[in-house]
Amino acid sequence: MQAATDVMTAEHSFPRQEQLVEERLVLWYFVAALTFMTVSMLAGILMGLQLLRHNPLPPIEVLSPGRWRMIHTNAIAYGFLANAFLGIMHWVVPRLTLRPVFSRPLSYLIFFAWQFVVLATAVGLMFGQAQGLEWGETPVWIDPVAQLGLLLVAINFGTPILQTRGPMYVTLWYYLAALVWTFLTYAMGNFVPEYFVCGSSAGAVGGLFIHDLVGLFVTPLGWGMMYYFVPILLKRPIWSHGLSLVGFWGLAFFYPLQGIHHFLYTPIPMFLQYGAVLSTIALELVVVTVIINFIGTLYGTGGACLTNLPLRYFYTGILFYFLTCLQCALQVTMTFQALIHFTDWVVGHAHMVMFGVFSLWQLGVMTYLIPRILKTEWYNPAWCEWHYWASAGGLLVMAGDLILGGLFQGWSWAALHPWETSIHLSIPFWSVRIVAGLVMFAAQLLFIVHFYLTWRKSLQTAPAVVPAAGLATA
Amino acid sequence: MESDTKKHRTHWMVWVFSALVLIPTILGFANKFLDLVLVVQGDEEGAFAVTPIVNYLLATAGFLCLLIWTAMQGAFENLDGPSQTMFENEQRLDGLK
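Parameters and conventions
- Residues numbered from 1 in each chain as written.
- Chains lettered and ligands numbered in written order.
- Predicted model: local features only at pLDDT ≥ 70, side-chain atom pairs only at ≥ 80, totals over all residues.
- Heavy atoms only, no water.
- Helix = DSSP H or I, 4+ residues; strand = E, 2+ residues; numbered from the N terminus.
- Rg over C-alpha atoms; globule rule 2.2 N^0.38 Å.
- Buried < 20%, exposed > 50% of the residue type's maximum accessible area, 1.4 Å probe, protein only.
- Contact = heavy atoms within 4.5 Å.
- Lys, Arg positive; Asp, Glu negative; His and termini not counted.
- Charge placed at Lys NZ, Arg CZ, Asp CG, Glu CD.
- Expected span 1.5 Å × (residues − 1).
- Core = buried A, V, L, I, M, F, W, Y, C linked by side-chain atoms within 4.5 Å.
- Domains from an automatic or database assignment.
- Buried area = accessible area lost by both parts, 1.4 Å probe.
- Salt bridge = Lys/Arg side-chain N within 4 Å of Asp/Glu carboxyl O.
- Polar contact = N/O pair within 3.5 Å; in protein donor to acceptor, adjacent residues only side chain to side chain.
- Nonpolar A, V, L, I, M, F, W, Y, C, P; charged D, E, K, R; others polar.
- Patch = residues over 30% accessible without salt bridge, like charges linked within 9 Å, V, L, I, M, F, W, Y side chains within 5 Å.
- Areas by Shrake-Rupley, 256 points an atom, 1.4 Å probe, with all protein chains shown as cover.
- pLDDT = per-residue confidence, 0-100.
- Phe/Tyr/Trp six-rings, centres within 6.5 Å; stacked < 30°, edge-to-face > 60°.
- Lys NZ or Arg CZ within 6 Å of the ring centre and 35° of its normal.

Q: I keep staring at the overall build of chain A and nothing clicks. Help me out?
A: Looking only at helices and strands, chain A has 16 helices and zero strands in total. Radius of gyration (C-alpha) of chain A: 22 Å, near the 23 Å computed for a compact globule of 474 residues. The principal-axis extents of the C-alpha atoms in chain A amount to approximately 85 × 50 × 45 Å. A buried classification covers 62% of the 474 residues belonging to chain A. Long-range contacts, defined as pairs at least 24 residues apart, comprise 84% of the intrachain contacts of chain A with a sequence gap of at least 6. Side chains of chain A give 17 positive and 17 negative charges; the mean places of these two sets differ by 11 Å.

Q: Can you help me understand helix α6 (residues 143–162) of chain A in this one?
A: In an α-helix there are 3.6 residues to a turn, and that puts residues three or four apart on one side. Given a rise of 1.5 Å per residue, 20 residues ought to cover 28 Å, and the 27 Å separating the end C-alpha atoms of α6(A) matches this to within 8%. Summarising the contacts, the buried residues of α6(A) are in contact with α4 (65–97), α5 (104–126) and α7 (170–196) of chain A.

Q: Mind showing me how you'd approach the nonpolar core here?
A: One broad rule of soluble globular proteins: the nonpolar side chains tend to lie buried together. All names here are of chain A. Counting residues in each nonpolar core, the largest one holds 161 residues, and the members touching the most others are Trp223, Phe229, Phe294, Phe314, Tyr315 and Met366. Looking at this core, the element that brings in the most residues is helix α8 (residues 199–234), giving 21 residues. Split by domain, the residues of this core number at least three in each of domain 1 (18–166) and domain 2 (332–460). Those residues in contact with Phe229 that sit more than four places away from it in its chain are Ile88, Trp91, Val92, Phe314, Val365, Tyr368 and Leu369.

Q: What is the right way to look at the interface of chain A and chain B in this model?
A: Counting residues at the interface gives 57 residues for chain A, matched by 46 residues for chain B. Taken over both partners, the interface formed by chain A and chain B buries close to 4800 Å², and the fraction arising from carbon and sulfur atoms is 75%. When the buried area of chain A at its contact with chain B is split by residue, Trp239(A), Phe253(A) and Phe271(A) rank highest and sum to 15% of it. On inspection of chain A and its partner chain B, the count reaches three salt bridges. Here Arg95(A) makes a salt bridge to Glu90(B), at a shortest N to O gap of 2.8 Å. At the boundary of chain A and chain B, one finds five residue pairs in polar contact (both at pLDDT 80 or more). Contributing elements (two or more residues each) for the side of chain A that touches chain B: α1 (2–13), α2 (17–20), α4, α7, α8, α9 (241–254) and α10 (270–298) of chain A. When residues of the side of chain A that touches chain B are assigned to their parent elements, the largest contribution, 10 residues, is made by α9(A). In terms of residue class, the side of chain A that touches chain B is built from 42 nonpolar, nine polar and six charged.

Q: For this particular structure, what's the right way to read a nonpolar patch on the surface?
A: All names here are of chain A. Taken together, the side chains of Phe116, Val140, Trp141, Val145, Tyr195 and Phe196 make up a nonpolar region of the molecular surface, amounting to roughly 640 Å² of accessible area. Following the sequence through the fold, Val140 ends up in the loop between α5 and α6. Val140 gets classed as partly exposed once you look at its relative accessible area, which sits at 33%.

Q: Got a minute to help me understand the side chain of Ser412(A) in this structure?
A: Here Ser412(A) is to be found in helix α15 (residues 381–414). Other than its neighbours up to four places away in sequence, Ser412(A) contacts His417(A), Thr421(A), Ser422(A) and Leu425(A).

Q: Can you walk me through the confidence of the model for chain B in this structure?
A: Predicted coordinates in regions of low pLDDT should not be interpreted in detail. All names here are of chain B. A residue-level look at chain B finds 67% of positions with pLDDT of 70 or above and a mean pLDDT of 72. Helix α3 (residues 81–95) holds the highest mean pLDDT among the elements of chain B, 88, whereas helix α1 (residues 2–41) holds the lowest, 67. Confidence over residues 1–5 falls short of pLDDT 50; this stretch has zero contacts with residues more than four positions distant or in other chains.

Q: It is not clear to me how the packing of aromatic side chains should be interpreted in this structure. Could you clarify?
A: Working definition: an aromatic ring pair is given by the centre-to-centre distance plus the angle between the planes. Evaluation of the coordinates by the stated rule reveals 34 aromatic pairs over all chains. Residues Tyr29(A) and Phe111(A) carry aromatic rings whose centres are separated by 4.9 Å and whose planes lie at 80 degrees to one another, so their mutual orientation is edge-to-face. Of this pair, Tyr29(A) sits in helix α3 (residues 23–51) while Phe111(A) sits in helix α5, and the two are 82 residues apart along the sequence. Across this residue pair, the class does not change: Tyr29(A) and Phe111(A) are buried. Both rings, one in Trp173(A) and one in Phe248(A), keep their centres 5.9 Å apart while their planes meet at 35 degrees; by these two values the pair is tilted. Residue Trp173(A) is found in helix α7, and its partner Phe248(A) is found in helix α9; the two are separated by 75 residues along the sequence. The pair Trp173(A) / Phe248(A) is uniform in exposure class, with both members buried. Cluster of aromatic residues (ring-pair linked, three or more members): Trp173(A), Tyr174(A), Trp181(A), Trp223(A), Tyr227(A), Phe248(A), Trp249(A), Phe294(A), Tyr321(A), Phe358(A) and Trp361(A). Over the face of the ring belonging to Tyr388(A) we find Arg312(A), whose NZ or CZ atom lies 4.9 Å from the ring centre. Positioned over the ring face of Phe14(A) is Arg92(B), at 4.0 Å from the centre of the ring.

Pasting the structure below:
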C-alpha cells in the first residue's frame, strides 16, 4: 500500500509536458526558420542565375548580386539554423532537465529580438552596411544587440541546465558548451577584427571565427539534438554514453584550432597553418567515435532508419556529416588545397555541411515535432516523403556537381589556361546546380504549404494522440 | 552474460578512442605552446600570430577547467547512467500525457 502511494506521489510530482515546454513558441520558431529559409534559398537561386548571366533583377545597387549572396548565407545561418535550433532547444532542454527555461516571457522577448536582428541584418546588407568578414557581415550597429541576445539565450537555457544535479546527459554538455561558445565566437568575429586587430592578424582571427561558427555554434547544437532524438525514436539508449563524451571533449579541444585551414598559403605563419591542418585531420578521429556510436545505436533495429522518416533524415545527415569531415581531412592538406582553393569544391562542401547535415536534421526534427505539437497527423504523409527525397536528392546532386566542377576549375587554373576557359567549363556545372537548387526550393515550399494545411487541419479536428515514435512509412 | 560482454566492449572502445584523441591533443598543445614562446622571445615580425594562439590558449584553458570541474563532480563515475536516466524520463513524460 505504502509502495503504491509512493509511486503515485512520484508520478504526481513528476513535471508534465505543458509545465515544461512552451509548445506554441517551438512552432513560432519553426515558422520563422522556414520563412528565412525561403528568403535564403531565393537569394541563392538569384545568385545561381547571376552566374548563368540570367539575373532577373533590375541592375540597381540595392539589388546587386553581391549583396544577395550575403543575404543567402546570413539568412541560412542566423535566420534558418539559429531559429530552428532555438525552437528545438525549447523542446529538448526542459524535457531533459525536467525544468522549464529560466523565464517564458524572456523566451518571447528573445524570439522577437532575434527576428529583429535577422531582419535588420538583411536590410543593412542590402543597403551596403556589411562588415568585411565572411559570415560576420552583420552591420556594426546590430552587433551589440545580437551579442546581448546571445547572452539572454545563454541565461534562459543555461539556468535549467546548470540546476541539473548529478552527471549530465551528453546533449546537455553540447548545449551548455554551445551557449558559451556561440557567445564568445560571435564576439571574437564581430568585434576583434573590427576594432582591435588588423592585417594578417585580423585574417587569422577571421579564419577562427568562420570555422568556429560552424564548429562551436552549429555543430554542438546539431549533435546535441541528434543525441536526444535518435535514442528516443529508436526506443533505446545511445550505444555508449562514454564514447559520446569522448566525442564532445575531442570537439572542445580540437575545434578551436581549425579555422586557419581556410587561409592556407597566406602570410599567416606556417606553424599556425600546419597546426590547423593537423587538428583538422585529428578531428576526423573524433568524428569516427561519433559515427560508430550512432551506427551502434542503430544496429539491430531492423532498418528503422529506412521506415521511420525523421530517423531517415537523421541518418542521411549523419552520412553527409561523415562525408564532409572526410572531405575536410583531405582538402586541408597543402597539396589538395592548392588544387581546390577558390573553386566550387568549397561551395559544394559548404552546401553539404549546411544543408545536407544540419538543415536535414532540423527538417527531420520538424517532421517529427510538428504533428506532435499540433496533435494531429500530417495532412498528407506522402508529401513528407516527397519533401525528403527532393531535399536529400537535390542536395546530393548539387553538392556532387559543385565538387566535381571545382576539380575541373582547379585543373584548368593549374594548367594555366586563360580565366575564361574555367568560366566556360563551369557553365554546365552551374546549370545543373540551378536545377538541383530549384528542386530543393520546391521541396521546402511544399513543406511550408504542408505545415500550413496540417495546422488548418489541427484546428478542425479533435486532438489526436500522435505516436512518439514519429512518422513511420513502412 | 551478454550484457557483460557488451559493457566490456563499450569500455574498451572508450579507452582506445580516449587515447587516440588525447595523445595528439597533448602533443599538439605542447607544440603550439613552444611556438608561442619562440615567437614572443625572438621573432618580432611574427608577433601578430600571438593573437590567434592566445585565443586558442584561453579557449583550451576554459575547457581544461571545465573538464577538471566535471571530473570532480563525478560525471565520469557512471558513464552510461545519464543515458539510461534520460531514456526513462522521456518514457515517463510521454506516459503522463
